[in-house]
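Chain by chain, the residues:
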Amino acid sequence: MADSNGNTQQEAVSEEASSVYLELGRMLFKSGATAQRVVDSIAKAASIIGDPNPPHVLVEYDAIIIETGTGAKTRLNMEQMRGFTAVDVATLSAASRLLKSSESGALSAESFGKKLEAIKRCAVHYSIPTLLFAAVIASIGFDLLNGADLSSLCALIPAAAAVFLIRTTLIRNSFNLHAATLVAVAAGGVLAAFCSRLSGTLTPQVAFIAPMLFLVPGPAMINGGVDILRNHNSIGIARVVFTFVMVAMITLGLALAMAILPPAQTLAQAAAPLAD
């Protein structure tokens, strides 16, 4: 009877630990962590809660699989990841501080889970206007760094805003991410070409391309390269391919926009045939 109660209590603790591992993995994955960081963090969490049987963790592009227990009694938990990840530096930093500040065996699974919940409650969720402002500011930065004149901003700002709002609206209405990107870039490119003609900018090509550059998934490319170097090839290759597909959609969208309404020529380009 005592053995039965002991086994039941141990299974309850194991189940709670499995939930904690999965929640930590989900939090890190959604915040843009590499696969190795997720694996190492869950191993550290097992040490903190004093789990005698460290979990086995498999991180894939769209799922996290965690096996806990030993021998005949094992538990397999899986979390399917929908959508695409973002970079949440605040959450990653808070999780790192928790893991670094806790000694082995210092916390129970329940206490560790409560600390994870506290991190989740403190997470910042940005509004659409804030994200729109950030996208426009990033586009302005790309524009000016590439030598554009100030009048190009009259074309760039409405184009960047249109790209962001169209893409966000389509994704929220269950459109495919790549199709939404293609449509948004094509529409934004036409708007940028039209506005550059009205503004009289001397750098219309820069104003045509810069509003789309914030769509390039740089973190996915970097994480993919790191994952491949750390021998997490499946997720690493998937992230790199995702980046190339997104860049291809942006390129195709710009090509469609150019076919509809090409960006205006600069004065030097317009004068070239006359010089010949």
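The present account deals with the structure reproduced in this document. (Residues numbered from 1 in each chain as written. Predicted model: local features only at pLDDT ≥ 70, side-chain atom pairs only at ≥ 80, totals over all residues. Heavy atoms only, no water.)

1. Points about the overall build of the protein
- From N to C terminus, the protein includes 11 helices and three strands.
- The proportion of buried residues among the 276 residues of the protein is 39%.
- Contacts in the protein between residues at least 24 apart in sequence constitute 70% of all its contacts with a sequence separation of at least 6.
- On the protein, roughly 14,800 Å² of surface is accessible, and the fraction owed to carbon and sulfur atoms is 63%. (Helix = DSSP H or I, 4+ residues; strand = E, 2+ residues; numbered from the N terminus. Buried < 20%, exposed > 50% of the residue type's maximum accessible area, 1.4 Å probe, protein only. Contact = heavy atoms within 4.5 Å. Areas by Shrake-Rupley, 256 points an atom, 1.4 Å probe, with all protein chains shown as cover.)

2. Side note on the environment of V240
- Position of V240 relative to the elements: it lies in helix 10 (residues 233-260).
- With 13 residues separating them along the chain, V240 and D227 place their C-alpha atoms 9.8 Å apart.
- With residues up to four places along the chain from it excluded, the contact list for V240 reads M221, G224, G225 and I228.

3. Some details on the packing of helix 5 (residues 128-145) against helix 6 (residues 153-172)
- Closest axis-to-axis distance for the helix 5/helix 6 pair is 9 Å, and the angle between their directions is 140 degrees. Of the possible angle classes, the one that applies to helix 5 and helix 6 is oblique. You can see that helix 5 and helix 6 cross each other, and the crossing is right-handed. Across from I128, L131, L132, A135, V136, S139, I140 and D143 in helix 5, the residues of helix 6 making contact are L153, L156, I157, A160, A161, F164, L165, T168 and R172.
- Residues that form the contact of helix 5 with helix 6 fall into these classes: 13 nonpolar, two polar and two charged. (Axes fitted to C-alpha atoms, helices over the stretch in contact; angles between N-to-C directions. Parallel < 35°, antiparallel > 145°, perpendicular 65-115°, else oblique. Left-handed = near helix turned anticlockwise from the far one by under 90°. Nonpolar A, V, L, I, M, F, W, Y, C, P; charged D, E, K, R; others polar.)

4. As for the environment of V241
- Mapped onto the elements of the fold, V241 is located in helix 10.
- Of the residues examined, V241 reaches a relative accessible area of 45% and is grouped as partly exposed.
- Residues V241 and A220 lie 21 residues apart in sequence; the distance between their C-alpha atoms is 9.5 Å.

5. Details of a nonpolar patch on the surface
- On the surface, a cluster of nonpolar side chains totalling about 330 Å² of accessible area is made up of F142, I209, L213, V216 and V247.
- Note that V216 resides in the loop between helix 8 (204-209) and helix 9 (218-229).
- The exposure class assigned to V216 is partly exposed, which follows from its relative accessible area of 36%. (Patch = residues over 30% accessible without salt bridge, like charges linked within 9 Å, V, L, I, M, F, W, Y side chains within 5 Å. Salt bridge = Lys/Arg side-chain N within 4 Å of Asp/Glu carboxyl O.)

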